[in-house]
Amino acid sequence: MKYVDNKVEDIKIAYIGGGSRGWAWGLMSDLVSTEDISGSVYLYDIDLEAARANEIIGNKFNSAEGAKSTWSYKAVPTIGEALTGADFVVISILPGTLDEMYSDVHTPEKYGIYQPVGDTTGPGGIVRSMRTVPMFEVIGNAIKEFCPNAWVINYTNPMTLCVRTLYRVFPEIKAFGCCHEVFGTQKFLAKAVKEFLGEDTTRDQIKVNPVSVNHFTWLTEAKYKNVDLFPIYKKMCEKYGEEGYGEITDDNWMNKAFSTAEKVKMDLFNRFGYIAAAGDRHLAEFCEGKWYLESPERAHEMRFTLTSVDFRKNELKQRLERSRKLLSGEEQVKLANTGEEGVNQIRALLGLHDLVTNVNIPNRGQIPNLPIGAVVETNAVFRSDSLDPVFAGNIPEKIYPLVSRICYQQEALNTAIADRDLNAVFGVFANDPLVTCGINDAKKLFDEMVENTKKYLPDWDL
């Protein structure tokens, strides 16, 4: 890596999960759209052929219309080859297959438990964690061995458990979790500014103070210029809280994969007076199961969709077909901004600019009333080779019972999986807000879900 005329060249990025069909192409687009960094991306994936396909596709982005920099892509068969000498590591993997995810999301429906996402919390998030944490133990130890000074950006869910695991196995790691959920709430606030203040603005002009844990983030402050947006947001909730913001048609709502009308976040504001800053589909899963997920009809009433894994399987088929077209040249690669912060974070860590944005890192006191060391989501300042959390303050008393329960549950789950203690994992499972069935049914459900994923649990005593 070298600095030349306010540019950084010869950067090495190791991409774990580099066979991705879709998300990887967005990263490729973001990289070549930036003119002050260039280098190589080493793609490692357990599906080597998928990584080799992305090697070809990635190199095509260099000649795409609008490309401003050059990146060399190389698929490698071992994680050590990808990581050796890396300046940055990007992790974006699917722990298991969509068949395991199908069990995570849909098996609980036998017991009246519904999940719009099922990858972070609830029965699905907990069992997914059992698969994911051991994988991240391997990744964390490999980073320690091959590139201990690299900056590590994680996009994989469950975000909190992934980042927590990296720091558990390698305490000196320079890792953070990147999630765009808060950005959606900033965009919603920008719409409120337009409607009630009459000014066009963008989400980056909405300054917020996020606190809590990933996908259950809350804002204790929100400002546009010097205007406190809480009174404006209150007007937004009064106007749209009953019917929702936007449109979801009654006849086809279940087939819309990720639709939301922001009713959950507005309802939470009306209940507690603070702005819930994630998507409704995630927020609903952290609340008591009868609040928003008692039934598909209740989800319909709250105007968000229960995303089926069958949809994701069909979407994968479409992405595989698109990969084929990109490889053959039948479809040309095109630049499209993803809205993710990853590349801007890399540029800031290289000293090319300063950046303040929300990230997931261990609590060093930025939220005083949550456990030190637990992974929390707050703002942080990115500067040259440094990442410093912004002091966010305490979780407000009104929402502390909601947030602290989840945080301590995640800490307990981290310990239980690290110890491969199946009974302790079940204790977390049975105490989850979404597990609304009786304890005996909870055990039956847990046993069935573990059975469905056991091929990804080789070192558990099952």
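Structure's up top.
Analysis parameters
Residues numbered from 1 in each chain as written. Predicted model: local features only at pLDDT ≥ 70, side-chain atom pairs only at ≥ 80, totals over all residues. Heavy atoms only, no water. Helix = DSSP H or I, 4+ residues; strand = E, 2+ residues; numbered from the N terminus. Rg over C-alpha atoms; globule rule 2.2 N^0.38 Å. Buried < 20%, exposed > 50% of the residue type's maximum accessible area, 1.4 Å probe, protein only. Contact = heavy atoms within 4.5 Å. Areas by Shrake-Rupley, 256 points an atom, 1.4 Å probe, with all protein chains shown as cover. Lys, Arg positive; Asp, Glu negative; His and termini not counted. Charge placed at Lys NZ, Arg CZ, Asp CG, Glu CD. Core = buried A, V, L, I, M, F, W, Y, C linked by side-chain atoms within 4.5 Å. Pairing = 2+ DSSP bridges. Phe/Tyr/Trp six-rings, centres within 6.5 Å; stacked < 30°, edge-to-face > 60°. Salt bridge = Lys/Arg side-chain N within 4 Å of Asp/Glu carboxyl O. Axes fitted to C-alpha atoms, helices over the stretch in contact; angles between N-to-C directions. Parallel < 35°, antiparallel > 145°, perpendicular 65-115°, else oblique. Left-handed = near helix turned anticlockwise from the far one by under 90°. Nonpolar A, V, L, I, M, F, W, Y, C, P; charged D, E, K, R; others polar. Polar contact = N/O pair within 3.5 Å; in protein donor to acceptor, adjacent residues only side chain to side chain.

A. Spotlight on the overall build of the protein chain. Scanning the protein chain from N- to C-terminus turns up 17 helices and 14 strands. By the compact-globule yardstick of 23 Å for 462 residues, the protein chain fits well, its C-alpha radius of gyration being 22 Å. When the backbone C-alpha atoms are referred to their principal axes, the protein chain occupies close to 60 × 55 × 45 Å. The proportion of buried residues among the 462 residues of the protein chain is 58%. Put simply, 72% of the contacts in the protein chain that link residues at least 6 apart link residues at least 24 apart. Total accessible area computed for the protein chain in this model is approximately 18900 Å², and 47% of it derives from carbon and sulfur atoms. Between the averaged position of the 51 positive side-chain charges in the protein chain and that of its 64 negative side-chain charges there is a distance of 2 Å.

B. Region of the structure containing the nonpolar core. Judged by nonpolar contacts, the single largest core of 54 residues is most densely connected at Phe 216, Trp 218, Leu 268, Phe 304, Val 425 and Phe 429. Elements with a contribution of two residues or more to this core: helix H5 (122-146), strand E8 (206-213), strand E9 (216-224), helix H9 (263-272), helix H10 (280-286), helix H15 (400-418), helix H16 (422-430) and helix H17 (439-453). The dominant element in this core, judged by the number of residues it contributes, is H15, at seven residues. Apart from residues no more than four positions distant in its own chain, Phe 216 is found in contact with Leu 283, Phe 286, Cys 287, Leu 402, Val 403 and Ile 406. Of all hydrophobic cores here, the second largest spans 40 residues; its members include Ile 13, Ala 24, Tyr 73 and Phe 176.

C. Quick peek at the side chain of Glu 137. In this fold, Glu 137 is placed in helix H5. By relative accessible area, Glu 137 is classed as buried at 13%. Residues within four places of Glu 137 in sequence aside, it is in contact with Thr 165, Arg 168, Val 169, Ala 418 and Arg 420.

D. Structural detail: the pairing of strand E6 (residues 151-154). Going residue by residue along E6, you find Trp 151 and Ile 153 tucked away on one face and Val 152 and Asn 154 tucked away on the opposite face as well. In terms of strand pairing, strand E5 (residues 88-91) meets E6 through four bridges, oriented parallel. Its bridge partner being in E6, Phe 88 is matched across the sheet by Trp 151. Examined bridge by bridge, E6 and strand E7 (residues 174-177) share four bridges and lie parallel to one another.

E. View of the packing of aromatic side chains. Under the defined criterion, the tally for this structure stands at 18 aromatic pairs. When the centroid spacing of 6.0 Å and the interplanar angle of 75 degrees are considered together, the rings of Tyr 15 and Trp 23 count as edge-to-face. For Trp 23, a relative accessible area of 26% corresponds to the partly exposed category. Arranged with centres 6.3 Å apart and planes meeting at 25 degrees, the rings of Phe 426 and Phe 429 form a pair that is stacked. Here Phe 426 and its partner Phe 429 are both found in helix H16, three residues apart, which amounts to about one turn of the helix. Judged on exposure class, the residue Phe 426 and its partner Phe 429 are both buried.

F. Quick peek at the pattern of salt bridges. Per the counting criterion, the structure on display carries 28 salt bridges. For the salt bridge of Arg 383 with Asp 388, the shortest nitrogen-to-oxygen distance reads 4.0 Å. Exposure remark for Asp 388: the relative accessible area of 35% places this residue in the partly exposed category.

G. Focus on the packing of H15 against H16. Where H15 meets H16, the axes come as close as 8 Å, and the angle between the chain directions of the two elements is 160 degrees. Here H15 is positioned roughly antiparallel relative to H16, judged by the angle of their axes. Of the two elements, H15 crosses H16, and the hand of that crossing is left-handed. Contacts from Gln 409, Ala 412, Leu 413, Ala 416 and Ile 417 of H15 reach H16 at Ala 424, Val 425 and Val 428. Class assignment for the residues of the contact of H15 with H16 results in seven nonpolar, one polar and no charged.

H. How the structure looks around the packing of helix H2 (residues 48-60) against helix H13 (residues 309-328). Viewed as axis vectors pointing N to C, H2 and H13 meet at an angle of 60 degrees, and their least axial separation amounts to 9 Å. As judged from the angle between their axes, H2 and H13 are oblique. The way H2 lies across H13 gives a crossing that is left-handed. Contacts between H2 and H13 involve Ala 53, Ile 56, Ile 57 and Lys 60 on the former and, on the latter, Ser 323, Leu 326, Leu 327 and Ser 328. The residue makeup of the contact of H2 with H13, split by class, is five nonpolar, two polar and one charged.

I. Spatial organisation of H9. Burial of H9 is extensive: seven of the 10 residues sit out of reach of the surface. Turning to H9, its buried residues are Lys 263, Val 264, Lys 265, Met 266, Leu 268, Phe 269 and Phe 272. Of the residues trailing H9, Gly 273 is marked for its positive phi of about 85 degrees.

J. Quick look at unusual backbone geometry. Following Asn 157, the chain continues to Pro 158 via a peptide bond in cis, the omega torsion being 5 degrees. Inspection of the secondary structure assignment puts Pro 158 in the loop between E6 and helix H6 (159-169). Unlike most non-glycine residues, Asp 10 shows phi in positive territory, near 60 degrees. If you trace the backbone, Asp 10 turns up in strand E2 (residues 7-16).

K. Fine view of the environment of Asn 394. Among the secondary structure elements, Asn 394 is positioned in the loop between strand E14 (386-389) and H15. The exposure class assigned to Asn 394 is partly exposed, which follows from its relative accessible area of 43%. Residues Asn 394 and Pro 368, 26 residues apart in the sequence, show an inter-C-alpha distance of 5.5 Å. Residues within four places of Asn 394 in sequence aside, it is in contact with Pro 368 and Asn 369. In this structure the side chain of Asn 394 is engaged in a polar contact, spanning 3.1 Å, whose partner is the backbone nitrogen of Asn 369.

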